[in-house]
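Notes for the structure review
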Amino acid sequence: MSELGARASGQGRIFQTTGDQYVQEHHHHYSVGAGPLFGDGAGPSTDGSRPAAPDSVRIPLVGRPPRPLRDRAELCQVLSTAVVGHGGEIHVVHGMGGCGKTALAYWLFTEAVREHSRVGFWVNASERMSLRAGMLAVAGDRGASSGELAAAAAGQRAPADLTWYYLGHSAEPWLLVLDNADDPTILEDGAWLRASGQGTVLVTTRHATSPLWHAPGTHRHSLSVLPLDDAAQVLCDLAPEAGDLRSARKVAARLDGLPLALTLAGSHLSRQLLESWSMDEYARKLDEESTAIVDRGASGYGGIQSRHLVGRTWQLSLDALARQGLPEATTVLRLLSFLAADPVPLSLLTPLARAEIAVAGLEPELAPERLEAALRGLLDHSLVELVETDGVRCVKAHGVLLDSVASGVSHGQRRVLGEVAVQLLEEALPERGTQTPLARRSLALLAPHGSRLLETAPEERSAALGVRLVRQVYETADYGVAMVLSRAVADRAGALLGEDHPVALDARDVVGRALFRMGHYEESEAVHRQVLARREALLGPDHPDTLRSCAGLHRPLDLLDRDEEAEHWLRRAIEGMRRVLGEDSSETLYTWTSLPEVLSQLGKERECDAELALLIPACERALPADHPTLVMARQMQAYALWQFGRFTEAEPVARRVLEDRMRILGPDNRFTFAARGLLAEIVYALGHRGEAMDLMSRVVEDHERVLGPEHPFVSYYSAALDRYRTGPAAS
């Protein structure tokens, strides 16, 4: 009895409220005398021996209905066509947790029921009990009697056969959604997954590689994250008052287009009461507090179920792997969380499989022979994906996943995992000075991970590793990447160790050099002077690092047309290195190669000839024939001869240098570009306008492609090309 004295009997209901409420009921009417779905009239068992029937199989029980889909038009068309077709097809949509599989299934279900007059069935396939109960409820909906259902529930009749018999004899076409089928063995063990000409089956799963998905009539569809613009639009759909599309792009980029994270972020931004963050403020909070703040939007989306939380949805897959005998998958994923959300070369992990580095203390324990199976498990459950980058096989995990996994690592495990990650990266780095294309590809892949380790394992060793890595990237002439990474590493190393720590100063030195190569000469000079002053005060005037700063400072001064200053600092570096490192040191010789360039710009022909007469034999005597320093010495010889107008002498030297650069460094290296540009100037001066134009056109295209159209070198070489086209032929 209610407070108002109202009474209900039989199947009657009383609803009482003190405010506005919306009540929605769904009734299923059975024939007179039909018993309950699962047997004896006592309702679902309390001991778990029989599953409770789901509240509904005619409505998707997914919490808050998903918002309009973005960037799924092609797949929606394929699935919609299947629904209105002749039936008999199974479609499997697989992808990582949170990528929007259920939202896509919800859209298709609604489309099938409302637009195509299909009967829709929605079954939770995440567990055996829920699958069995849901499928028997489907059988009851399609006409199975209470006796048949009771026999199936009691094990006296095959429940899958019963369900598919009635689905196959349905008078109406249908769509059956088996949602969250992340353990395919649940479907396989009872032969629950079948095709029928009366309808279409859609399966959503995190498991990408099950043999079950390869059965005849089964179509697989991989679902990934959203492109940036579509991801930003999702945020604007959910929280239109929080910011414009430009601001939404920043949040979407930080969340890497993951639909679940976008939905939670949008829900949070749209339901704020005490705080009113804009999207710009939300983006800043993500940088400050990581993606842990995303789950604050769960209360406005779908409650606190693990599948609805970015920080916990992955744990469902890891728990499943542990039940399958792969607890090591958790350890591998934690290890990957200490690296960047960029492709990780499989070769980086090889020392673990070969037991070449110590991994004591990891929990769960990771035996070398278990690494392959653990990685395969992560791939199967879409926690990582296998990608190929520049011909290198890699694994890649989503950034939000890595953030949430890393945030859950205990303090003790954080130290152990950090040490292992640093060891792996140290082992993977090519030997310094290696200039092969393979070494450059390897460095490009490893660079983001070195930077990330300074965040996840902030120690002096990881800082030194980060500096070593960005310096090697710089030495491969990938200056744009080196400039960005060196600044990040320098800032983190300075904050961690102090700006006067040798590692932090070494990082700033790389920043100054990269700035110079990218055409920021004034800024480069300022950084070099700052580092030089600190090194001289802390280390002394003849310390090798101080002398390196002298050599680094001369470069921006040279291109700022302050050649006398450049010569002063360069000579100080060369003389100091000869005393400290030795006259035949490769570093001393490399620094010496810059002197002919400066002297030729100052018009000091006699001094320049004298230096070259000593420099090239010294390099030939001390270095291998293909050593980059020897090639650079010859390039500076050709440059000086060109500057002094001795074009006939310069041409054969320049041609040899270009051949050496192409052979040793390849066609896409900046030193190769410079060698080609120098040869173009020389052959133009010799009157070969056609060849000069061909050479310089390629130089302009290469520099614009690699350095960008605003780089000073692009302007310089473009002006030279215009001169070739419009000016008189040189004689």
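The rules behind each value
Residues numbered from 1 in each chain as written. Predicted model: local features only at pLDDT ≥ 70, side-chain atom pairs only at ≥ 80, totals over all residues. Heavy atoms only, no water. Pairing = 2+ DSSP bridges. Helix = DSSP H or I, 4+ residues; strand = E, 2+ residues; numbered from the N terminus. Buried < 20%, exposed > 50% of the residue type's maximum accessible area, 1.4 Å probe, protein only. Polar contact = N/O pair within 3.5 Å; in protein donor to acceptor, adjacent residues only side chain to side chain. Contact = heavy atoms within 4.5 Å. Salt bridge = Lys/Arg side-chain N within 4 Å of Asp/Glu carboxyl O. Core = buried A, V, L, I, M, F, W, Y, C linked by side-chain atoms within 4.5 Å. pLDDT = per-residue confidence, 0-100. Axes fitted to C-alpha atoms, helices over the stretch in contact; angles between N-to-C directions.

Side note on the sheet that holds strand S6 (residues 344–345)
Read across the open sheet, the three strands follow the order S6-S8-S7; overall the sheet is antiparallel. One side of each edge strand has no neighbouring strand; the edge strands of this open sheet are S6 and strand S7 (385–389).

Re the side chain of Thr 204
Structurally, Thr 204 can be placed in strand S4 (residues 199–205). Look at Thr 204 and you get buried, because its relative accessible area is 1%. Among the polar contacts made by the side chain of Thr 204, one reaches the main-chain amide nitrogen of Asn 180 at a distance of 2.8 Å. Leaving out residues up to four positions away in the same chain, Thr 204 has contacts with Val 93, Lys 101, Ala 105, Leu 178, Asp 179, Asn 180 and Ala 181.

Things to note about the environment of Pro 712
Relative to the helices and strands, Pro 712 is located in helix H31 (residues 712–726). A relative accessible area of 29% means that Pro 712 is categorised as partly exposed. Residues Pro 712 and Tyr 521, 191 residues apart in the sequence, show an inter-C-alpha distance of 10.0 Å. Filtering out sequence-adjacent residues up to four positions away, Pro 712 remains in contact with Met 518, Gly 519 and Tyr 521.

With respect to the pattern of salt bridges
Considering all chains together, one arrives at 59 salt bridges under this definition. Across the pair Arg 157 and Glu 148 runs a salt bridge whose closest N-O atoms are separated by 3.1 Å. Of the charged contacts in the structure, one is a salt bridge between Lys 250 and Asp 280, with a shortest N-O distance of 2.7 Å. Placement of Lys 250 in helix H8 (residues 245–254) and of Asp 280 in helix H10 (residues 279–289) is noted, with a sequence separation of 30 residues between them. A cluster of three or more residues bridged by salt bridges with shared partners is formed by Arg 254, Asp 287, Asp 403, Arg 452, Glu 455 and Arg 492.

Quick look at the nonpolar core
Judged by nonpolar contacts, the single largest core of 152 residues is most densely connected at Leu 255, Tyr 282, Trp 314, Leu 352, Leu 378, Leu 453 and Met 696. A per-element tally of this core places helix H29 (residues 670–685) first, with eight residues. Ile 90, Phe 121, Leu 176 and Leu 178 belong to the second largest nonpolar core, which has 26 residues in total.

A few points about the environment of Asp 561
Mapping Asp 561 onto the fold places it in the loop between helix H22 (544–559) and helix H23 (563–580). On the accessibility criterion, Asp 561 (65% relative accessible area) is exposed. Sequence-wise, Asp 561 and Leu 602 are 41 residues apart; in three dimensions their C-alpha atoms are separated by 9.8 Å.

What about the confidence of the model for the protein chain?
Do not read the predicted coordinates in detail wherever pLDDT is low. Chain-level pLDDT for the protein chain is 88 on average; 90% of the residues reach the 70-or-more range. When the elements of the protein chain are averaged for pLDDT, helix H11 (residues 310–323) gives the smallest value, 84, and helix H21 (residues 521–539) the largest, 97.

A closer look at the sheet that holds strand S5 (residues 218–222)
The five strands are arranged S2-S3-S4-S1-S5 in an open sheet whose pairing can be described as parallel. This sheet does not close on itself; its edge strands, each paired only once, are strand S2 (119–124) and S5. Within this sheet the neighbouring strands show an average axis-to-axis angle of 15°, counted without direction. Helix H3 (residues 128–141) contacts S2 and strand S3 (174–179) of the sheet and is inclined by roughly 160° relative to S2. In the packing of helix H5 (residues 159–168) onto the sheet, the strands contacted are S2, S3 and S4, and the crossing angle to S3 comes to about 150°.

Things to note about the pairing of strand S1 (residues 90–94)
Counting buried positions over the five residues of S1 gives five, a clear majority of the element. Burial along S1 is two-sided: the residues Ile 90, Val 92 and His 94 and His 91 and Val 93 are all buried. In this structure, S1 lies alongside S4, joined through five bridges in parallel fashion. Opposite His 94, over in S4, you have Thr 205 as the bridge partner. Two elements, S1 and S5, share five bridges in a ladder whose sense is parallel. Along S5, the bridge assignment pairs Ile 90 with Thr 218.

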